[in-house]
Amino acid sequence: MAAGDRVTSFDIAALAKVSQPTVSRALRGDRTVSDATRKRVEAVAQLLGYKVDRAASSLRSGHSNTLALLFFEDPLPDGSFINPFFLSMLGSILMTCAHRKYDLLTSFQQLSSDWHVDFEDSRKADGLILLGYGDYAIYRTRLDQLARQGTHYVRWGAAETSIGDTVIGCDNTAGGRQAARRLAARGCRRIAFLGDASDHYPEFRDRYLGLCAGLAEAGLTVDPRLQADCLSVEPAGYGATQRLIAAGAPFDGLFAASDLIALGALRALAEAGRRVPGDVAVIGFDDIPAAALGYPPLTTVAQDYGSAGPLLVDALIRRVNGEAPENRVLTPHLVVRASA
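This section reports on the structure supplied with the text. The structure presented is a predicted model; accordingly, all values stated were derived computationally and were not measured. (Residues numbered from 1 in each chain as written. Predicted model: local features only at pLDDT ≥ 70, side-chain atom pairs only at ≥ 80, totals over all residues. Heavy atoms only, no water.)

Here's the deal with the environment of valine 33
Here is step 1: For valine 33, the location among the structural elements is in the loop between helix 2 (20-27) and helix 3 (35-48).
Here is step 2: Classification of valine 33 by relative accessible area gives buried; the value is 8%.
Here is step 3: With 11 residues separating them along the chain, valine 33 and threonine 22 place their C-alpha atoms 7.2 Å apart.
Here is step 4: With residues up to four places along the chain from it excluded, the contact list for valine 33 reads Thr22, Arg25, Ala26 and Arg38. (Helix = DSSP H or I, 4+ residues; strand = E, 2+ residues; numbered from the N terminus. Buried < 20%, exposed > 50% of the residue type's maximum accessible area, 1.4 Å probe, protein only. Contact = heavy atoms within 4.5 Å.)

Brief notes about the pattern of salt bridges
Here is step 1: As enumerated under the stated definition, the model contains 15 salt bridges in all.
Here is step 2: A salt bridge links aspartate 35 to arginine 38, with the nearest nitrogen and oxygen atoms 3.5 Å apart. Taken together, the positions of aspartate 35 and arginine 38, both in helix 3 and three residues apart, correspond to about one turn of that helix.
Here is step 3: Of the charged contacts in the structure, one is a salt bridge between aspartate 314 and arginine 100, with a shortest N-O distance of 2.4 Å. On the criterion of sequence distance, the pair formed by aspartate 314 in helix 12 (residues 305-320) and arginine 100 in the loop between helix 5 (84-99) and strand 2 (103-109) is long-range, its members being 214 residues apart. The pair formed by aspartate 314 and arginine 100 is uniform in burial state, with each residue classed as buried.
Here is step 4: Through salt bridges with shared partners, a single ionic network connects Asp35, Arg38, Glu42 and Lys101. (Salt bridge = Lys/Arg side-chain N within 4 Å of Asp/Glu carboxyl O.)

Observations regarding the environment of glycine 195
Here is step 1: For glycine 195, the location among the structural elements is in the loop between strand 6 (191-194) and helix 9 (202-217).
Here is step 2: Owing to a relative accessible area of 0%, glycine 195 belongs among the buried residues under this scheme.
Here is step 3: Once the C-alpha coordinates of glycine 195 and alanine 262 are considered, the two residues, 67 residues apart in sequence, prove to be 9.9 Å apart.
Here is step 4: Once residues lying within four places of it in the same chain are set aside, the contact partners of glycine 195 are Phe204, Gln227, Ala228, Asp229, Cys230, Ala257 and Ile261.

Some remarks on the pairing of strand 1 (residues 66-72)
Here is step 1: Among the seven residues that make up strand 1, seven are buried, leaving the element largely enclosed by the rest of the structure.
Here is step 2: Alternating positions in strand 1 separate into two faces, Thr66, Ala68, Leu70 and Phe72 on one and Leu67, Leu69 and Phe71 on the other, with burial throughout.
Here is step 3: With five bridges joining them, strand 1 and strand 3 (residues 127-131) adopt parallel strand pairing. Residue pairing across strands places leucine 67 opposite glycine 127, the latter belonging to strand 3. (Pairing = 2+ DSSP bridges.)

Structural notes on the sheet that holds strand 10 (residues 299-302)
Here is step 1: Spatially, 7-6-8-9-10-12 is the arrangement adopted by the six strands of the open sheet, whose pairing is mixed. Sheet topology places strand 7 (227-228) and strand 12 (333-335) at the edges, where each strand pairs with a single neighbour.
Here is step 2: Relative to strand 10, strand 9 (residues 281-286) runs parallel, the two sharing four bridges. Within strand 10, the position partnered with aspartate 286 by the bridge is alanine 302.

Focus on helix 2
Here is step 1: Among the residues making up helix 2, those that are buried are Thr22, Val23, Ala26 and Leu27. Down the axis, helix 2 shows its buried residues gathered within 125° of arc, on one side only.
Here is step 2: As for helix 2, its buried residues are in contact with helix 1 (9-16) and helix 3.
Here is step 3: Glycine 29 occupies a position one or two residues after helix 2 and carries a positive phi of about 80°. (Arc of directions from axis to C-beta.)

Concerning the packing of helix 10 (residues 234-247) against helix 11 (residues 259-271)
Each pair of packed helices can be summarised by the angle the axes make with each other and by the distance between the axes.
Here is step 1: Direction vectors running N to C along helix 10 and helix 11 enclose 45°, while the axes themselves pass 6 Å from each other. The orientation of helix 10 relative to helix 11 falls into the category oblique. The two elements helix 10 and helix 11 meet at a crossing, and its hand is right-handed. Here Glu234, Gly237, Tyr238, Thr241, Gln242 and Ile245 of helix 10 come into contact with helix 11, specifically with Leu260, Ile261, Leu263, Gly264, Ala265, Arg267, Ala268, Leu269 and Glu271. (Axes fitted to C-alpha atoms, helices over the stretch in contact; angles between N-to-C directions. Parallel < 35°, antiparallel > 145°, perpendicular 65-115°, else oblique. Left-handed = near helix turned anticlockwise from the far one by under 90°.)

Comments concerning unusual backbone geometry
Here is step 1: Omega for the bond connecting valine 276 with proline 277 falls within 30 degrees of zero, at 10°, which places this linkage in the cis form.
Here is step 2: Among the structural elements, proline 277 can be located in the loop between helix 11 and strand 9.
Here is step 3: The omega torsion of the bond from tyrosine 295 to proline 296 falls at -5°, within 30 degrees of zero and hence cis.
Here is step 4: You can see proline 296 is positioned in the loop between strand 9 and strand 10.
Here is step 5: The residue lysine 17 is not glycine, and still its phi comes out positive at about 60°.
Here is step 6: Tracing the chain through its elements places lysine 17 in the loop between helix 1 and helix 2.
Here is step 7: Not every positive phi belongs to a glycine, and aspartate 287 is a case in point at roughly 65°.
Here is step 8: With respect to the secondary-structure elements, aspartate 287 resides in the loop between strand 9 and strand 10.
Here is step 9: The buried category is assigned to aspartate 287, whose relative accessible area is 16%.

Looking at the packing of aromatic side chains
Within a pair of aromatic rings, the relevant descriptors are the distance that separates the centres and the angle that separates the planes.
Here is step 1: A complete count under the given rule lists seven aromatic pairs for this structure.
Here is step 2: Summarising the aromatic geometry, the rings of phenylalanine 85 and tyrosine 305 are spaced 6.2 Å apart at their centres and angled 75° between planes, so their arrangement reads as edge-to-face. Highlighted residues: phenylalanine 85 in helix 5 and tyrosine 305 in helix 12, separated in sequence by 220 residues.
Here is step 3: On the accessibility criterion, tyrosine 305 (26% relative accessible area) is partly exposed.
Here is step 4: By the ring-pair criterion, three or more aromatic residues cluster together here, those being Phe85, Phe86, Trp156 and Tyr305.
Here is step 5: Its guanidinium or amino end placed over the ring of phenylalanine 285, arginine 207 lies 3.8 Å from that ring's centre, counting from NZ or CZ. (Phe/Tyr/Trp six-rings, centres within 6.5 Å; stacked < 30°, edge-to-face > 60°. Lys NZ or Arg CZ within 6 Å of the ring centre and 35° of its normal.)

Dropping the structure here:
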């Protein structure tokens, strides 16, 4: 190279002792390039002061090197709510995108809007990561439309094999079993469940089914009077617990389908003079940051959001590249704190 010449990927290839296509793949984070080779290429690129021309790269590949992350609002009147579990996942998604040399667009959507059509028309990103969904019956129709129009997407949630998409999710049934075993081991015999256990909320449904299975293994039966539908927000958990107490059916354990529901339940139990865990042991689900700050600190089934982010991003990039990544189900684990 002569002084002042523009550095090219061929110059990097010569110094790194690899081919020019390998340089291109390494600098865009292609997983087919080994970590050792990628680091060598990046070191040479930094030494030479090479900057990737994103616009030119996008024109050559037909890709924008941008992914879109869509949050869906939970059905609250103020329309401003995002589940804090997904905010915890956001950090790992951002870091993985940066590592893979992708930009990330984030968008907050109403489930009732035509977001699926808007994305197809705009093509601002190569693919979608979907977090949250509200009523699954409505969400499912949007997924069908995405599949018909050939949109690349992956989602966090419950796997439905009939759709044929890629899902990264939690083993919710196993999590329900873990909660049941913990409560049974503490001597709880009448255990309430808070959360909509219908097909409209399949993750909550599976947590309830896991609870029922775990209690059956312990020789206990489920009283249907102790299952109360509620949305995944603290006020709903508070109100559902108040209704259970007012109904008069005794319970000495409570499993909430989310930590937000459980935190509302803790407040209602305290106001009713019920000691936790003395009178009622309480377990939540998710392990959001606020769970450790509850009074008392909340025992919960923790989802692996640290692994979820990289798996979602990698699966979406593979779909963009024409592959068909398999669904992944992550095993949760129980975090024991004072509430149980």
